[in-house]
Every structure is written in structure tokens, then in C-alpha cells.
Amino acid sequence: MTSKNYNDDDTENESKIRQPLRPSTSAAWDSPQSLVGSLLEKTTSRAFRTMTNNSASYDGDTVQNPNLNNVIEATISRSSSTLDVKEEIGSVSEEKYDGSADTEQSKNTKLITKHEDKRTYLGNPSVTPTALAHSLWAKTILSHQDTVIDATCGNGKDCLALAKMLFPADDAANCQQDASSPQPQLIGIDIQARAIANSKRSLLSSLPSEIYYNHVSILEQSHEHLMNVPADTQSVGLVCYNLGYLPGGTTDNYKETQTQTQTTLNSITDASLLLRVGGLLSVMTYPGSNLEESRAVEHFAEGLAMLTTRDVGGWRGYANDIPDYDDDGGRVRENVSRALERVVAEGSKKQTWRVFLHKPLGRPLSPVLVTAMRIK
């Protein structure tokens, strides 16, 4: 997960081209197409800064640079690929959590143009690991019963998806349970205050108040130790992770809050000890930003699968064969072996796991989804 930084202080490049005058507050830019206009304005400005060369110049309505023309033309084409939607005047109509829709069309509507991503395939589990993870979670979670832990809640998108699986609106009658029944609980954890605030805001605006205040906990803390986090340790159906760092963070300090190999291993070890039979451990790793952490998660998960192997040497033989990577000095093998020893010592003697590694071929630095389900 790397981002390209654009140097706003690169005055040398900017001096090579005269910026065109663009209206910023005229009627044309305040029209219903203002969103598209704003996008064009920002992208054109960026294009002038980053795509120019010594021969670039601006003459009237023509930019004398073929590369720059191509960029602007592509931007206009992308920005024009929009959908017309209706919006109430003076307010924004948002989708409600309960799925209810207005049956009477408002008379006071206006036609506006919003840019919407038409790449509908991104929600297909065959295409992205996030969509695949969500589909697996939905098949695992017992609605209105399970304890579900999002150990890296970030901006709250996964937390919100989990809430809709754990508290489905079309099954609200099951919310009424007696005291002896497992009480559903959604727990979100993040070490960053900004992430906690974002998650709380998203959930509070989307969930019924009764559910949010009685069944949701958002904790500002490290995810390293989970054993004392859930109130009911017998009904943990899912523990999920989206490793790396919080999207939208500043480039100066993101590494200070990036997940670390050892704390992640400690956390997923706790998670494997908490999961009920039929529960799922789901970990999204990013080899492009932390290759050692990604390797450690994969080896730990495979070690869970090897707990019941009939191979000579058993799971310890597998752990001993974890290679020495050039940049780790044997740390991955040592830490994974220690984590597996703890799972064996503290977990069920008959525990059995099914583990899968989901990664796109031909894209070695793309996110990797690792899942481990306890079947016994």
C-alpha cells in the first residue's frame, strides 16, 4: 500500500507554464455540475504540475503539450461518466439501516449530477479480497447470537458491514432474547483516536440506538491482547483484521501506527483461542507494506492446519521448516513456533482447522486474505 506524493512546492516545474485563468465562483462552476467542475479543476491543476516538460506552454484555449492534452481529455471523459440521481432540495436523503424506502416521491426534487464508480465488479467476491471476506463473514456469523470482533476497525467500514450481518434489519424480532441466551456483541478495536471517532460516527448514524448502546463497543486500545475483551468468551464467531495503517493518515506518521508483526501474532493467537467451533479468523495482509508480517500470518495459519497433520514430525516439523528469510534472521520461524506452542498448550486438544490463502495471481504486492475456520 504505497501512495504517490505530489510536491506542491515544485516551483521549478510550475515556472515552465503559465496557469490558465479558470472561473472559481462563476455560475458555470456553481451549476448542478459543480462536482464535475471541481474534479476537472483539481485534476487539470495537478496535470499542469506533474506532466509538463520544457516545451509546455499555454496559449489561449490550447495547451501546447500532447501528453497534457491526453491527461485532460481522459479526465473529462472519466468525469463525464456520471449517473443522474435525484436529491431533495435542502437535504441529502441517505439510505436507512432498516432498509425502508420512501413510497411517495417528493415533489421538490432537482436533478443533480454525481460521480459514481461504475465498477460494479468490485463488489464481486471473485474479484476483490474485501468482497470475498464479507461473503465468508456472512456465512459464518450467527445473527443476534455471536460475539464479533473487528480488531482493526479503522474508519468503520468493516464494522458497519459486520453490524448489518449481526443485526439484520429483516430479522429484528430475534433481538428479543431472554437472559440465558447468548447476547450478541460487536466489538471494534483501534489504537488511533481518529479511527475510533470515525467508527463511532458511522455506526451511531446507521444502527438503531438500542443496538448501538447495548450491543456495540468501540475500544481505543491495542489489539495485541484479546482474551479479556469479549464479555462472553464462548460465543466468539468471528475475529477479523485489516492490517497495515489507517487510510487517509499523514505520510509523516503513518508508520507509527502501522500494525507490527509481533503484536499481530500475539493478537491472532488470542483470537484462535477465543473462536468457537465454526468460528472464523480472517486476516487481510499487505505484503507490499509489511512483508514480514504477511509471512508470519500465513505461516501461523498454516500451522493451525498442521495441528492435525499425520506427517512425520507433526506441526512442530512444519514450524521447524519455516525458512530463514533474507531480511528476518529467523524471526518469523521463532515467533510463529512460539505462537503455535501456546495454541496447543491452551487450546482444545481436539481442535481442527481448515485454512485458506486467497491471493491474486500475477499481482504479488496486492492484499492477501488469510482465513482459518475452526471445525472441531
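Residues numbered from 1 in each chain as written. Predicted model: local features only at pLDDT ≥ 70, side-chain atom pairs only at ≥ 80, totals over all residues. Heavy atoms only, no water.

Whenever I open this one, the side chain of R276 confuses me. Can you help?
Secondary-structure assignment places R276 in strand 9 (residues 275–285). When residues no more than four places from it in sequence are discounted, the contact partners of R276 are T140, L142, D146, Q234, S235, V236, G237 and R374. (Helix = DSSP H or I, 4+ residues; strand = E, 2+ residues; numbered from the N terminus. Contact = heavy atoms within 4.5 Å.)

Explain the sheet that holds strand 6 (residues 185–190) here, please?
Read from one edge of the open sheet, seven strands run 7-6-5-8-9-11-10, paired in mixed fashion. The open sheet is flanked by strand 7 (216–220) and strand 10 (353–358), the only strands paired with a single partner. This sheet shows a mean twist of 10° between the axes of neighbouring strands, independent of strand direction. Relative to strand 11 (residues 368–374), strand 9 is paired through six bridges, and the arrangement is antiparallel. Bridge assignment links L281 to a residue of strand 11, and that residue is A372. Its contacts with the sheet put helix 8 (residues 261–274) on strand 8 (236–242), strand 9 and strand 10, and the angle it makes with strand 9 is roughly 155°. Contacts from helix 9 (residues 291–305) reach strand 9, strand 10 and strand 11 within the one sheet, and its direction differs from that of strand 10 by about 150°. (Pairing = 2+ DSSP bridges. Axes fitted to C-alpha atoms, helices over the stretch in contact; angles between N-to-C directions.)

What is the right way to look at the packing of aromatic side chains in this model?
To describe a pair of aromatic rings, one takes the distance between the centres and the angle between the planes. Considering all chains together, one arrives at one aromatic pair under this definition. With a centroid separation of 5.1 Å and 90° between ring planes, the pair formed by Y212 and Y213 is classed as edge-to-face. Residue Y212 is classed as buried on the basis of its relative accessible area of 11%. Judged by relative accessible area, which is 57%, Y213 ranks as exposed. (Phe/Tyr/Trp six-rings, centres within 6.5 Å; stacked < 30°, edge-to-face > 60°. Buried < 20%, exposed > 50% of the residue type's maximum accessible area, 1.4 Å probe, protein only.)

Looking at this structure, I do not really get the layout of surface pockets. What am I missing?
Once rolled over the atoms, a probe with the size of a water molecule shows which space is left empty. Here the largest pocket is characterised by a volume of approximately 830 Å³. Taken together, 39 residues form the lining of the largest pocket, with T152, G154, N242, Y245 and P247 sitting closest to its centre. Looking at the lining of the largest pocket, the elements that each hand over two or more residues are helix 4 (129–140), helix 5 (157–166), strand 6, strand 8 and strand 9. With four residues, helix 4 is the single largest residue contributor to the lining of the largest pocket. Within the lining of the largest pocket, the residues separate by chemical class into 16 nonpolar, 18 polar and five charged. The space that makes up the second largest pocket amounts to roughly 360 Å³. Lining the second largest pocket are 16 residues, and of these V127, T128, P129, P360 and S366 lie nearest its centre. (1 Å grid on protein atoms, 1.4 Å probe; cavity = no way out; pocket = protein on both sides within 12 Å on 5 of 7 lines; lining within 4 Å. Points joined across faces, edges and corners; volume = space filled by probe spheres on them. Nonpolar A, V, L, I, M, F, W, Y, C, P; charged D, E, K, R; others polar.)

Before we go on, may I ask you to explain the nonpolar core in this structure?
Nonpolar side chains tend to gather and get buried jointly when the protein is soluble and globular. Membership of the largest hydrophobic core comes to 37 residues, with the highest contact counts inside it found for Y241, L281 and F300. For this core, the secondary-structure elements that each account for two or more residues are strand 6, strand 8, helix 8, strand 9, helix 9, helix 10 (314–320), helix 11 (331–346) and strand 11. Non-local contacts of L281, meaning those with residues more than four positions away in its chain, are made with V239, Y241, I268, A271, L275, F300, V370, T371 and A372. Among the nonpolar cores identified, the runner-up in size contains 28 residues, and C159, L162, L207 and M284 belong to it. (Core = buried A, V, L, I, M, F, W, Y, C linked by side-chain atoms within 4.5 Å.)

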